[in-house]
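Letter by letter, the chains look like this.
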Amino acid sequence: MGELHEVLAHVFSGRLKPVVDKTYPLREARAAHERLENKEQFGKVVLNP
Amino acid sequence: MKAIRYHEFGGPEVLKYEDVADPALRKDQALIRVKACALNHLDLWCRKGLPGVKLPHINGSDVAGDVVEVGEYVTGLKAGERVLLAPMVFCNRCAECTAGRQNMCRDYSVLGYLNDGGNCELLAISPVNVIPVPQELTYDEAASVPLVFLTAWHMLHGRARVKAGEVVLVLAGGSGVGVAAIQIAKLAGATVIATAGSEAKLDQSRELGADFTINHYQQKISDEVKKITGKRGVDIVIEHVGQATFEESMKSLRPGGTLVTCGASSSVASSRCWAPTWAPWANCTRCWRTFSPAGLSR
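Here's what I pulled together on the structure shown here. (Residues numbered from 1 in each chain as written. Chains lettered and ligands numbered in written order. Predicted model: local features only at pLDDT ≥ 70, side-chain atom pairs only at ≥ 80, totals over all residues.)

1. Brief notes about unusual backbone geometry
Residues and elements named next belong to chain B.
Part 1 of the reasoning: Following Leu-55, the chain continues to Pro-56 via a peptide bond in cis, the omega torsion being -5 degrees.
Part 2 of the reasoning: Position of Pro-56 among the secondary structure elements: in the loop between helix H1 (41-48) and strand S4 (62-70).
Part 3 of the reasoning: Positive phi, normally seen in glycine, also occurs at Ala-172, with a value near 50 degrees.
Part 4 of the reasoning: As for its position among the elements, Ala-172 is in the loop between strand S10 (167-170) and helix H5 (176-187).
Part 5 of the reasoning: Of the residues examined, Ala-172 has 27 C-beta atoms within 10 Å and is grouped as buried. (Helix = DSSP H or I, 4+ residues; strand = E, 2+ residues; numbered from the N terminus. Buried ≥ 20, exposed ≤ 12 C-beta atoms within 10 Å, placed from the backbone.)

This is the structure in structure tokens:
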């Protein structure tokens, strides 16, 4: 947790930027898994419930 | 609530969108409405059948959402707060936990691995895991942070002790750990060489701050590293691919350099066979200062 809070401080201040690749509705988790499995992503694949 | 759950291990087809019971909120927990949950390779491994995963199972380690309700014993959090969740499970009582090294706790696990995770609408969790996020971050962005930024930070700072002026090779710059490692290494003042498998990803890696890029399908990583570093090799390799790249990673290190591993996404099995396969060779050359497995995640 110590390291998590350290790195989050940089994220929250904008020095490190999260990279969202693509979002999918939760029900389309299958397609999201396939995207990651096929190495198509740049950054994070995100599900939205 | 709705959840993505699986009742058997296998390919993506085992994932079922179905109704499950809402979690019961204990008096010492907070109830979170999940707005975004990012995927990790851990989700794929669990789905394929990682030892310890109990069926039926709900994946999901990286969660952002809103606090819906807090239990009677919880202070310092209130309904409506936008939060992300620390992606780990730990006892919060032992010496390691109380020292902030929860990853060394004997009960340590990652959220969504041995227990159900965030591929659902509601999650009841200990308040120590609940971290408020600033308004500037979207839920999708907040969910994209915890596991990979923590892992990359632990690899670069916790293990490799990266310093300004060092040269860091980041494999798979487009991966979750890769996008975090490129930025963390740059922030530390290092020079970054990133690899990726397509021109688009190489461009994106440079936009994130990579100083040099290598197409790992068309170029030999260690040859390019030698050209870039004037035959010296890099100070640190962030190696999270495994079997497919491990030899090239070792060849890219300068004598006395540091290789840090996590994940091993090209082969889970390779993470188990590295030690007997590679340690004798590494010891034999007496070149490598550290061989430092960071574990699945920290």
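2. Observations regarding the interface of chain A and chain B
Part 1 of the reasoning: Contact residues are listed per partner, giving 36 residues for chain A and 43 residues for chain B.
Part 2 of the reasoning: Ranked by the residues each element gives to the side of chain A that touches chain B, the list is headed by helix H1 (residues 2-12) of chain A, at 9 residues.
Part 3 of the reasoning: Taken together, the residues of the side of chain A that touches chain B break down into 19 nonpolar, 7 polar and 10 charged.
Part 4 of the reasoning: As defined by bridge partners, strand S2 (residues 44-48) of chain A adjoins strand S3 (residues 30-38) of chain B across 2 bridges and the pair is classed as antiparallel. If you follow Leu-47 of chain A over to S3 of chain B, its bridge partner there is Cys-37 of chain B. (Contact = placed C-beta atoms within 7 Å. Nonpolar A, V, L, I, M, F, W, Y, C, P; charged D, E, K, R; others polar. Pairing = 2+ DSSP bridges.)

3. Side note on H5 of chain B
Part 1 of the reasoning: For H5 of chain B, which comprises 12 residues, the first-to-last C-alpha distance of 17 Å matches the rise-based estimate of 16 Å (1.5 Å per residue) to within 8%.
Part 2 of the reasoning: The buried count for H5 of chain B comes to 10 of 12 residues, which makes it a mostly enclosed element.
Part 3 of the reasoning: Taken together, the buried positions of H5 of chain B are occupied by Gly-176, Val-177, Gly-178, Val-179, Ala-180, Ala-181, Ile-182, Gln-183, Ile-184 and Ala-185 of chain B.
Part 4 of the reasoning: Residues of H5 of chain B that are buried in the fold lie against S2 of chain A together with helix H4 (146-159), S10, strand S11 (191-196), helix H6 (199-208) and strand S13 (234-239) of chain B. (Expected span 1.5 Å × (residues − 1).)

4. Details of the nonpolar core
Residue and element names in this part refer to chain B.
Part 1 of the reasoning: Ile-32, Val-168 and Ala-181 are the most contacted members of the largest nonpolar core, which has 103 residues in total.
Part 2 of the reasoning: Two domains each donate at least three residues to this core, and these are domain 1 (2-144) and domain 2 (148-293).
Part 3 of the reasoning: In contact with Ile-32, not counting residues within four places along its chain, are Val-63, Gly-65, Asp-66, Val-67, Val-68, Val-83, Leu-85, Leu-122, Leu-123 and Ile-125. (Core = buried A, V, L, I, M, F, W, Y, C linked by C-beta atoms within 7 Å. Domains from an automatic or database assignment.)

5. Quick notes on the environment of Lys-27 of chain B
All names here are of chain B.
Part 1 of the reasoning: Examined against the element boundaries, Lys-27 turns out to sit in the loop between strand S2 (16-19) and S3.
Part 2 of the reasoning: For the pair Lys-27 and Gly-80, spaced 53 residues apart in sequence, the C-alpha to C-alpha distance is 18 Å.
Part 3 of the reasoning: For Lys-27, the residues in contact, after removing those within four places along its chain, are Gly-71, Glu-72 and Tyr-73.

6. Thoughts on the pairing of S10 of chain B
Residue and element names in this part refer to chain B.
Part 1 of the reasoning: Side chains of S10 alternate between two faces, with Val-167 and Leu-169 and Val-168 and Val-170 buried alike.
Part 2 of the reasoning: The sheet contact formed by S10 and S11 spans 4 bridges and is parallel. Bridge pairing links Val-170 to Ala-194 in S11.
Part 3 of the reasoning: Read as a crossover between parallel neighbours, the route from S10 over H5 to S11 is right-handed.
Part 4 of the reasoning: Inspection of the sheet shows S10 paired to S13 by 3 bridges, in the parallel sense. The residue of S13 that forms the bridge with Val-168 is Ile-236. (Right-handed = clockwise from strand over helix to strand, strands pointing away.)

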